[in-house]
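Structural overview
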Amino acid sequence: MTNSSLKHDSLAFSLLGAARAVARVKAGTALPQALATVFDQFSPPPQARGAMQDIAYRTMRRLGQAEALLSTLASKPPSPAELHGLLCCALALMLPSDGDAPYEEFTVVDQAVTAASTDAAIAHAKGMVNAVLRRFLRERAGLLQQIGDQPAARWNYPKWWIDTVRQAYPSQWEGILNAGNSAPPLTLRINRRKTDRDAYLQSLAARDIAASPLGPFAVRLEKPVPVAQIPGFAEGMVSVQDAAAQLAAPLLDVQDGMRVLDACAAPGGKTGHLLEQADIDLVALDSDAQRLKRIDENLQRLQLNATLRQGDAAAGQWWDGQPFDRILADVPCTASGIVRRHPDIRWLRRKGDALQLATLSARILDNLWRMLRPNGKLLFVTCSLWPQESEMQAAAFAKRNGALRLQAPGQLLPVAGNGQDHDGLFYALFQKSGL
Ligand SMILES: C[S@@+](CC[C@H](N)C(=O)[O-])C[C@H]1O[C@@H](n2cnc3c(N)ncnc32)[C@H](O)[C@@H]1O
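Residues numbered from 1 in each chain as written. Predicted model: local features only at pLDDT ≥ 70, side-chain atom pairs only at ≥ 80, totals over all residues. Heavy atoms only, no water.

Tallying secondary structure elements over the protein gives 16 helices and 13 strands in all. Radius of gyration (C-alpha) of the protein: 23 Å, near the 22 Å computed for a compact globule of 435 residues. A principal-axis box enclosing the C-alpha atoms of the protein has dimensions of 75 × 45 × 40 Å. Counting only residues that meet the buried cut, the protein has 53% of its 435 residues in that class. In the protein, the proportion of contacts linking residues at least 24 apart, taken out of those at least 6 apart, comes to 71%. (Helix = DSSP H or I, 4+ residues; strand = E, 2+ residues; numbered from the N terminus. Rg over C-alpha atoms; globule rule 2.2 N^0.38 Å. Buried < 20%, exposed > 50% of the residue type's maximum accessible area, 1.4 Å probe, protein only. Contact = heavy atoms within 4.5 Å.)

Further remarks concern the UniProt feature "binding site: S-adenosyl-L-methionine" (unreviewed entry) in the protein. UniProt's entry tags C264, A265, A266, P267, G268, G269, K270, D286, D312 and D330 with the feature "binding site: S-adenosyl-L-methionine" (unreviewed entry), counted in the numbering of this structure. Mapped onto the elements, A265 comes out in the loop between β5 (259-262) and α12 (269-277). Owing to a relative accessible area of 6%, A265 belongs among the buried residues under this scheme. Beyond its immediate stretch of four places on either side in the chain, A265 contacts T271, A284, L285, D286 and I295. When you line up the elements, D330 lands in strand β8 (residues 324-330). Those residues in contact with D330 that sit more than four places away from it in its chain are C264, K270 and V381. (UniProt positions renumbered as here; feature names shortened; annotations may be inferred.)

Another aspect to go through is the sheet that holds strand β2 (residues 211-213). Read from one edge to the other, the open sheet built from four strands follows the order β2-β3-β1-β4, with strand pairing classed as antiparallel. Strands with a single pairing partner mark the edges of an open sheet, and in this sheet they are β2 and β4 (238-240). In this sheet, adjacent strand axes meet at a mean angle of 30 degrees when their direction is disregarded. The strands touched by α12 within the sheet are β1 (186-190) and β4, with β1 carrying the most contacts at an inclination of about 30 degrees. (Pairing = 2+ DSSP bridges. Axes fitted to C-alpha atoms, helices over the stretch in contact; angles between N-to-C directions.)

Every one of the 19 residues lining the ligand counts as a neighbour, but D286, R291, D312, A313 and D330 are closest to it. The separation between an oxygen atom of the ligand and a polar main-chain atom of A266 is 3.1 Å. Within the backbone of G268, an N or O atom sits 3.3 Å from an oxygen atom of the ligand. Along the lines of polarity and charge, the residues of the shell around the ligand split into nine nonpolar, four polar and six charged. (Near = heavy atom within 4 Å. Polar contact = N/O pair within 3.5 Å; in protein donor to acceptor, adjacent residues only side chain to side chain. Nonpolar A, V, L, I, M, F, W, Y, C, P; charged D, E, K, R; others polar.)

A few words now on the UniProt feature "domain: SAM-dependent MTase RsmB/NOP-type" (unreviewed entry) in the protein. What UniProt calls "domain: SAM-dependent MTase RsmB/NOP-type" (unreviewed entry) maps, in this numbering, to residues 176-433. Taken end to end, residues 176-433 has its terminal C-alpha atoms 37 Å apart, with 29% of it in helix and 26% in strand.

For the rest of this paragraph, the subject is the pairing of strand β13 (residues 426-431). Taking burial as the measure, the six residues of β13 include six buried ones, the bulk of the element. In this sheet, β13 lies alongside strand β9 (residues 372-382) in antiparallel orientation, the contact comprising six bridges. Each bridged residue has a counterpart across the sheet, and for L378 the counterpart in β13 is F430. As paired strands, strand β10 (residues 404-411) and β13 are joined by five bridges and run antiparallel to one another. Bridging from a neighbouring strand, Q411 pairs with F426 of β13.

Following S79, the chain continues into P80 via a peptide bond in cis, with omega recorded as 5 degrees. Note on placement: P80 falls in the loop between α3 (46-73) and α4 (81-94). Along the chain, A266 connects to P267 via a cis peptide bond; the corresponding omega equals 5 degrees. Relative to the helices and strands, P267 is located in the loop between β5 and α12. One non-glycine residue, S43, adopts positive backbone phi at about 40 degrees. Tracing the backbone shows S43 in the loop between α2 (31-42) and α3. S43 gets classed as exposed once you look at its relative accessible area, which sits at 51%. We note that A335 has phi near 65 degrees; this positive angle belongs to a residue other than glycine. Counting through the fold element by element, A335 comes out in the loop between β8 and α14 (345-348).

Here it is in structure tokens:
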């Protein structure tokens, strides 16, 4: 169903699309999929698409606060879910933020009311939308103070998430939670086969794209730009990859001629990096056929080759029995270390997910270990902050399999500032004994 009565360049149109996406997230769908469905329904032009996306992502970073305000401002929980989504999006646009307020407050109120009035499912509540948002503007200071002592409103994470971070990182938990609410940088990885960092920084400067180095092959753009505007992107000169994720391929220490397995490979960020490092014979495995296609697209752009296999890394049907010299196990996890890029994750996960995922990844690791040749190395990676999925998993794995643990960064906490800017990843490197 589309809402053709709204102008596609109006804030009302973008608010309505974002509200539907937020409603879908509340029902358990990941935000990228929720937005894809909304884009199918609304067929927005590119600018409105961008605006819907911005509003929905901003709302995810302010949802705890917006929902706490709503429970004070509305006499009963707003229903249906789309109405709740619309109010959360409008409030999120008016809440204090680090960056510039993207719209005038009275425009937000006016456009939220217009959005409600043109949608049959929520038109009955347009008076309520007007009343709630205007009351927020009138009583803002008092209301914000009133909800300020609720942890979910103060930090914009579910209470169990805050408690888990606090318990695992008693002296760093506030910085970690703040980092997860910041806007993520656009970080590029230089393809060493095609250029080097300083030459690439010069080509960015020549196009007036401000950027700074973050590591030997990592460059951070001051302001994100669409990939089509990134010099050399289409030709594979650079890839988009967080600076912490760029540590994986060098840690695995691949050499020309090695047989390498990238066991949970899609969408292929680390696959491409491994292939940039040396001339290797690489098998890229993933259980998800759709995601496997994205590896293919990435490798075509980089003009590099791997053998792509769909299969379960916890089983062996796809394996030809030839041992690997190196294995990268970037296992499925809660993704609690990359919430600044995926701010919906905190609202979608449940406390028990870490245990469930850790059980699966323990099976994956044990299975891959038997595919490693003597003296071979296996790099275990997660983008999680939960010790259950990371350090505890690594320690238990080493003990079960008698694996030698080599030097690796361990738990990297998300950080921004002082020349650093990266997600929260975990690295453990193991070597099999030479028989
Ligand atoms: C953290 S992502 C990998 C990211 C990738 N290494 C990169 O750098 O772009 C984990 C991947 O594991 C895949 N996966 C989940 N369970 C799997 C299994 N049992 N066997 C193989 N792949 C699996 C998921 O489809 C997902 O693509």
